[in-house]
Amino acid sequence: MAYVKLSDQLQKLSDPQRSDAFVKQFREAVRTGQFDAAELPERFDLPKQFRRRGSDETYQRQVRDMIFETSPEFDEWFSSTDQELASTSRRTAKPKPTVENIEAGMIDFKALAEETRRKMQASYEKGQSLGKSRAKTATKSTKSTQAKRTTKK
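Residues numbered from 1 in each chain as written. Predicted model: local features only at pLDDT ≥ 70, side-chain atom pairs only at ≥ 80, totals over all residues. Heavy atoms only, no water.

## Considerations on the environment of Val-63
Within the secondary structure, Val-63 is located in strand 5 (residues 62-69). For the pair Val-63 and Leu-6, spaced 57 residues apart in the sequence, the C-alpha separation amounts to 9.9 Å. Beyond its immediate stretch of four places on either side in the chain, Val-63 contacts Glu-42, Arg-43, Phe-44 and Leu-46. (Helix = DSSP H or I, 4+ residues; strand = E, 2+ residues; numbered from the N terminus. Contact = heavy atoms within 4.5 Å.)

Here it is in structure tokens:
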């Protein structure tokens, strides 16, 4: 049987930006006993480029290398995991409603206008109901203060 390092196997991934997710799934598979692997003392850099929040600076993470035996079961697991990672849509931020994004067609203007209309209507109704409830409590409190003043005489 041939032994392969995890760092070498990561080079075969179709999307290197998903290498961190692959390492997590690999470790989970080893932990649950799907196949055998052993940790090595050396570390290696993941091919994924991470970004720091609020800046354009990128960095790489290091993980501990592992060695494992290749087998038909592992090859099958690797191909299915690689396809799954490549096909899963990554979380993408919703485009901000700017003139450029609306003109580019990234945002549906009619849907944005309808959402704005609903928000404005809800805000208006909330204000009307709040005003009505305050008017009711104001009339009750003035009647009770007038009654108290008449009783003090």
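## A closer look at the packing of aromatic side chains
Evaluation of the coordinates by the stated rule reveals 13 aromatic pairs. Each ring, one from Phe-22 and one from Trp-77, has its centre 5.6 Å from the other, and the planes form 50 degrees; the classification is tilted. One end of the pair, Phe-22, is in helix 2 (residues 19-32); the other, Trp-77, is in helix 3 (residues 72-87), with 55 residues separating them in the sequence. Classification of Phe-22 as buried rests on a relative accessible area of 0%. Given a relative accessible area of 14%, Trp-77 falls into the buried group. Pairing Phe-74 with Phe-78 gives two aromatic rings, centres 6.2 Å apart and planes at 25 degrees, and the pair type is stacked. Here the residue Phe-74 and the residue Phe-78 both occupy positions in helix 3, the gap between them amounting to four residues, near one helical turn. With respect to burial, Phe-74 and Phe-78 carry one shared label: buried. Sitting above the plane of the Tyr-59 ring, Arg-52 keeps its charged end 4.3 Å from the centroid. (Phe/Tyr/Trp six-rings, centres within 6.5 Å; stacked < 30°, edge-to-face > 60°. Buried < 20%, exposed > 50% of the residue type's maximum accessible area, 1.4 Å probe, protein only. Lys NZ or Arg CZ within 6 Å of the ring centre and 35° of its normal.)

## Looking at the nonpolar core
Within the largest apolar cluster, 20 residues are counted, with the highest numbers of intra-cluster contacts made by Leu-6, Leu-10, Phe-22, Phe-26, Leu-46, Phe-74 and Trp-77. Counting only elements with at least two residues in this core, the list comes to helix 1 (6-10), helix 2, strand 5 and helix 3. Looking at this core element by element, the count peaks at five residues for helix 2. With residues near it in sequence (within four places) discarded, Phe-26 still touches Leu-6, Phe-35, Ala-37, Met-66, Phe-68, Phe-74 and Trp-77. (Core = buried A, V, L, I, M, F, W, Y, C linked by side-chain atoms within 4.5 Å.)

## Examining the pattern of salt bridges
One pass over the structure, following the stated rule, counts eight salt bridges. A salt bridge links Arg-64 to Glu-39, with the nearest nitrogen and oxygen atoms 3.4 Å apart. Residue Arg-64 is found in strand 5, and its partner Glu-39 is found in strand 2 (residues 37-45); the two are separated by 25 residues along the sequence. Residue classification places Glu-39 among the partly exposed residues on the basis of a relative accessible area of 43%. A salt bridge links Arg-52 to Glu-57, with the shortest nitrogen-to-oxygen separation between them at 3.3 Å. According to the relative accessible area criterion, Arg-52 is partly exposed, its value standing at 40%. Given the relative accessible area of 46%, Glu-57 is considered partly exposed. When salt bridges with common partners are traced through the structure, they connect Arg-27, Glu-39 and Arg-64 into a single cluster. (Salt bridge = Lys/Arg side-chain N within 4 Å of Asp/Glu carboxyl O.)

## Comments concerning helix 2
Between the first and last C-alpha of helix 2 there are 20 Å, a value that for 14 residues agrees with the 20 Å anticipated at 1.5 Å per step. All buried positions along helix 2 are accounted for by Ser-19, Asp-20, Ala-21, Phe-22, Val-23, Phe-26 and Ala-29. Elements that come into contact with the buried residues of helix 2 comprise helix 1, strand 2, strand 3 (50-51), strand 5 and helix 3. Just downstream of helix 2 lies Gly-33, where phi reads positive at about 90 degrees. (Expected span 1.5 Å × (residues − 1).)

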